[in-house]
Structure formats: structure tokens, C-alpha cells
Amino acid sequence: MTLQNLDDDIKNLLQKRAEAHGRSLEEEAKEILRTVLIENQENTLNLASVIERRFAHFVDFELPDIPKEPLREPPMVCFQTLRSPPAELKKGGEVSQSPPF
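Note that the structure is predicted; figures quoted are calculated from it, not measured.

Caption draft 1: How the structure looks around the packing of helix α1 (residues 8-21) against helix α2 (residues 25-37). At a minimum axis separation of 9 Å, α1 and α2 run at an interaxial angle of 95 degrees. The orientation of α1 relative to α2 falls into the category roughly perpendicular. Contacts between α1 and α2 involve K11, L14, Q15, R17, A18 and H21 from the first element and L25, E28, A29 and I32 from the second. Here the contact of α1 with α2 is built from residues that sort into five nonpolar, two polar and three charged.

Set out below in C-alpha cells:
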């Protein structure tokens, strides 16, 4: 496979990245394509698994298991501001009407 008309800036960035990873220009291009086309196709929502796969090539690197928690109910938020409590609350009685939200 041959790439023609590759922008000089892109080629320089690729060359620097290849040198940083100790690879040839061709090996680095293959690695980038593999990463983009294979690894990014996996639709996972587990961030710990994504991080673990990303750093799997490190020999002594291991992430601890992160326990999953059940989803919590979102807090109920009322954006309406009352200037003063209803008369029923001032007297200490029960509110007979529905809240204004």
C-alpha cells in the first residue's frame, strides 16, 4: 500500500511518533490503523476495562477490580422558589393542596 500526497506536517508527526515508539514509519502507521479500526470499534462502557486494555502492553501493570454500584435515583429538584411558606405550614397543619410544581 502506498500513500501519495501525504501532507508534510502529517508525515513529520508520524515520523516523530514512530521514533518515540521505536518503530519504523510503516510499523507506526500500521499500529495507528489497527488501533483506530479495531480497538475503537469495541463499544464498551466499562472505563476500567478500556484503561486496562490501553496499558496491557506494560509487563507489571494491573488495575484492581472496581466494584460496580447500582444506579441511584436522581435527586428531585424543584426550580420554583417560594417567597414564604403556605399558610398551612405556618400554622403547623398539614398541607391540603398539591405543591406548586
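Next comes the rest of the account.
Caption draft 2: Quick peek at the side chain of E28. By secondary structure assignment, the location of E28 is in helix α2. For E28, a relative accessible area of 0% corresponds to the buried category. Those residues in contact with E28, other than ones at most four positions away along the chain, are L14, R17, A18, H21 and R23.

Caption draft 3: Geometry of the pattern of salt bridges. Here the structure, examined in full by the defined rule, presents five salt bridges. Across the pair R17 and E28 runs a salt bridge, and its minimum N-O distance is 2.6 Å. Separated by eleven residues along the polypeptide, R17 in helix α1 and E28 in helix α2 bring together distant segments of the chain. Relative accessible area serves as the criterion here: at 40%, R17 is assigned to the partly exposed category. Each of the salt bridges in this network shares a partner with another, and the network as a whole consists of R17, R23 and E28.

Cut-offs used in this document
- Residues numbered from 1 in each chain as written.
- Predicted model: local features only at pLDDT ≥ 70, side-chain atom pairs only at ≥ 80, totals over all residues.
- Heavy atoms only, no water.
- Axes fitted to C-alpha atoms, helices over the stretch in contact; angles between N-to-C directions.
- Helix = DSSP H or I, 4+ residues; strand = E, 2+ residues; numbered from the N terminus.
- Parallel < 35°, antiparallel > 145°, perpendicular 65-115°, else oblique.
- Contact = heavy atoms within 4.5 Å.
- Nonpolar A, V, L, I, M, F, W, Y, C, P; charged D, E, K, R; others polar.
- Buried < 20%, exposed > 50% of the residue type's maximum accessible area, 1.4 Å probe, protein only.
- Salt bridge = Lys/Arg side-chain N within 4 Å of Asp/Glu carboxyl O.

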